[in-house]
Amino acid sequence: MHPSVTFLNFDNTYTWQRNLLCFPHEWIDMYDIEGTNLYCDDDAIKEIEKRIARRHTRGMTLIGSGNYHYVSYVLLKQFHEPFTLVLFDHHTDMNEQTLFPLLSCGSWVSYAQKNVPTLKHVVIIGSATSYVSSHVTTFPKNDVMYAPMTIVRAIPTKHVYISIDKDVLRPQDAQTNWDQGTMSLQMLLTYIDYLFRYKHVLGVDVCGEDRTFCVKNEQANEAIIRTCFKHMPISSAS
């Protein structure tokens with residue numbers, strides 16, 4: 001990973017978070033692609049993949065509203081090493097949609113399990129419900145912090161990909177357009193720090209924006225970025 005940020009501009013929320021532009025970054029406009037809000041049709045996903053492929057460095061990716069969290073599925077497809085998805089989310093995003101099997105913000109993890117052969121396991125932290133599967137480990141939301149090494153030991157692979165929906169956080173620390181969990185921002189930062197220390201992190205993405213609460217979300221985003229960047233040597237940037 002390079003210490004840089006790719007902003008995917010689906011909803012213009014990052015135009016109101018100008019302090020984040022102090023980090024090395026790329027800006028990719030997505031707002032003109034039709035068929036992207038909540039659900040993503042085949043033509044839209046192809047265009048999204050095409051635009052993401054043009055970026056110059058592989059660093060962190062900021063996606064926008066949780067309505068576009070399915071973009072994580074696109075990002076996971078680029079890895080060739082066996083890895084575990086570590087998902088911080090108030091929802092499992094594993095809803096099966098059999099009648100209209102469109103990729104969506106609520107089904108993308110299931111899509112990834114079926115279509116990304118190098119994805120070997122999923123660890124979900126902070127969800128409102130549990131999901132029972134031999135390939136999924138869930139740590140449901142809890143007012144008491146799970147020991148960070150308990151999370152690390154639940155990961156069977158050397159490589160991990162971290163996906164963060166800020167709806168996992170308590171409203172004091174971030175505000176989203178979905179129902180939220182109880183995790184503190186400091187707790188999330190501690191987990192991220194341990195993952196970087198004990199695993200090889202292939203990538204990180206963040207979503208959960210709401211334009212009404214840009215200041216609070218900008219502060220959370222900046223803290224997440226700085227926590228990740230301190231583990232990335234500056235000399236690796238290009």
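Small disclaimer: the values here were computed from a predicted structure and weren't measured. (Residues numbered from 1 in each chain as written. Predicted model: local features only at pLDDT ≥ 70, side-chain atom pairs only at ≥ 80, totals over all residues. Heavy atoms only, no water.)

## A few points about the overall build of the chain
Within the chain, the regular secondary structure consists of six helices and 10 strands. Here the C-alpha atoms of the chain give a radius of gyration of 16 Å, agreeing with the 18 Å that 2.2 N^0.38 yields for 238 residues. For the C-alpha atoms alone, the extent of the chain along its principal axes is close to 45 × 40 × 35 Å. Per-residue burial for the chain yields a buried fraction of 57% across its 238 residues. Residue pairs in contact within the chain that sit at least 24 positions apart in sequence constitute 70% of those at least 6 positions apart. Roughly 10400 Å² of accessible area belongs to the chain as shown, and the carbon and sulfur atoms make up 53% of that amount. Within the chain, one finds 21 positive and 25 negative side-chain charges whose respective centroids are separated by 7 Å. (Helix = DSSP H or I, 4+ residues; strand = E, 2+ residues; numbered from the N terminus. Rg over C-alpha atoms; globule rule 2.2 N^0.38 Å. Buried < 20%, exposed > 50% of the residue type's maximum accessible area, 1.4 Å probe, protein only. Contact = heavy atoms within 4.5 Å. Areas by Shrake-Rupley, 256 points an atom, 1.4 Å probe, with all protein chains shown as cover. Lys, Arg positive; Asp, Glu negative; His and termini not counted. Charge placed at Lys NZ, Arg CZ, Asp CG, Glu CD.)

## Things to note about the pattern of salt bridges
With the rule as written, the count across this model stands at nine salt bridges. A salt bridge links arginine 51 to aspartate 32; its shortest N-O distance comes to 2.8 Å. Taken together, the positions of arginine 51 in helix H1 (residues 42-53) and aspartate 32 in the loop between strand S2 (25-29) and strand S3 (39-40) put the pair 19 residues apart, joining distant regions of the chain. Of the residues examined, aspartate 32 reaches a relative accessible area of 45% and is grouped as partly exposed. We note a salt bridge from glutamate 47 to lysine 50, for which the minimum N-O separation is 3.6 Å. Taken together, the positions of glutamate 47 and lysine 50, both in helix H1 and three residues apart, correspond to about one turn of that helix. Residue glutamate 47 is classed as partly exposed on the basis of its relative accessible area, which comes to 22%. Of the residues examined, lysine 50 reaches a relative accessible area of 45% and is grouped as partly exposed. One salt-bridge network, held together by shared partners, links Asp32, Glu47, Lys50 and Arg51. (Salt bridge = Lys/Arg side-chain N within 4 Å of Asp/Glu carboxyl O.)

## With respect to the sheet that holds strand S9 (residues 159-165)
Spatially, eight strands are ordered S2-S1-S4-S10-S9-S5-S7-S8 in an open sheet, and the strand pairing comes out parallel. Sheet topology places S2 and strand S8 (136-139) at the edges, where each strand pairs with a single neighbour. Strand-to-strand twist in this sheet, taken as the mean axis angle between neighbours without regard to direction, amounts to 15 degrees. In this structure, strand S1 (residues 5-9) lies alongside strand S4 (residues 60-64), joined through three bridges in parallel fashion. (Pairing = 2+ DSSP bridges. Axes fitted to C-alpha atoms, helices over the stretch in contact; angles between N-to-C directions.)

## Some thoughts on the environment of asparagine 217
Secondary-structure assignment places asparagine 217 in helix H6 (residues 214-229). Among the residues examined, asparagine 217 registers a relative accessible area of 0% and is labelled buried. Sequence-wise, asparagine 217 and glutamine 17 are 200 residues apart; in three dimensions their C-alpha atoms are separated by 8.3 Å. The residues contacting asparagine 217, other than those within four sequence positions of it, are Gln17, Lys166, Ala174, Gln175, Gly208, Glu209 and Asp210.

## Overview of the nonpolar core
When a protein is soluble and globular, its nonpolar side chains tend to lie buried together. Counting residues in hydrophobic clusters, the biggest one holds 39 residues, and the most contacted among them are Phe88 and Ile224. At the level of secondary structure, the elements contributing two or more residues to this core comprise S1, S4, strand S5 (83-88), strand S7 (119-125), S9, helix H5 (185-198), strand S10 (200-207) and H6. Element by element, the count of residues in this core is highest for H5, at eight residues. Excluding residues that lie within four positions of it along the chain, isoleucine 224 makes contacts with Met60, Ile164, Lys166, Leu185, Leu188, Leu189, Ile192 and Val206. Residues Tyr70, Tyr73, Trp108 and Cys207 belong to the second largest nonpolar core, which totals 35 residues. (Core = buried A, V, L, I, M, F, W, Y, C linked by side-chain atoms within 4.5 Å.)

## Quick notes on the state of the cysteines
On inspection of all chains with the given rule, the structure shows zero disulfides. The thiol of cysteine 207 is not disulfide-bonded; the next cysteine sulfur, from cysteine 105, is found 8.8 Å away. Cysteine 207 gets classed as buried once you look at its relative accessible area, which sits at 0%. (Disulfide = S-S within 2.5 Å.)

## Focus: the packing of H5 against H6
With their axes 9 Å apart at the nearest point, H5 and H6 run at an angle of 20 degrees to one another. Taken together, the axes of H5 and H6 lie roughly parallel to each other. Regarding H5 and H6, the two cross each other, and that crossing is right-handed. For the pair formed by H5 and H6, the contact residues are Leu185, Leu188, Leu189, Ile192, Asp193 and Phe196 on the first element and Ala220, Ala223, Ile224, Thr227 and Cys228 on the second. (Parallel < 35°, antiparallel > 145°, perpendicular 65-115°, else oblique. Left-handed = near helix turned anticlockwise from the far one by under 90°.)

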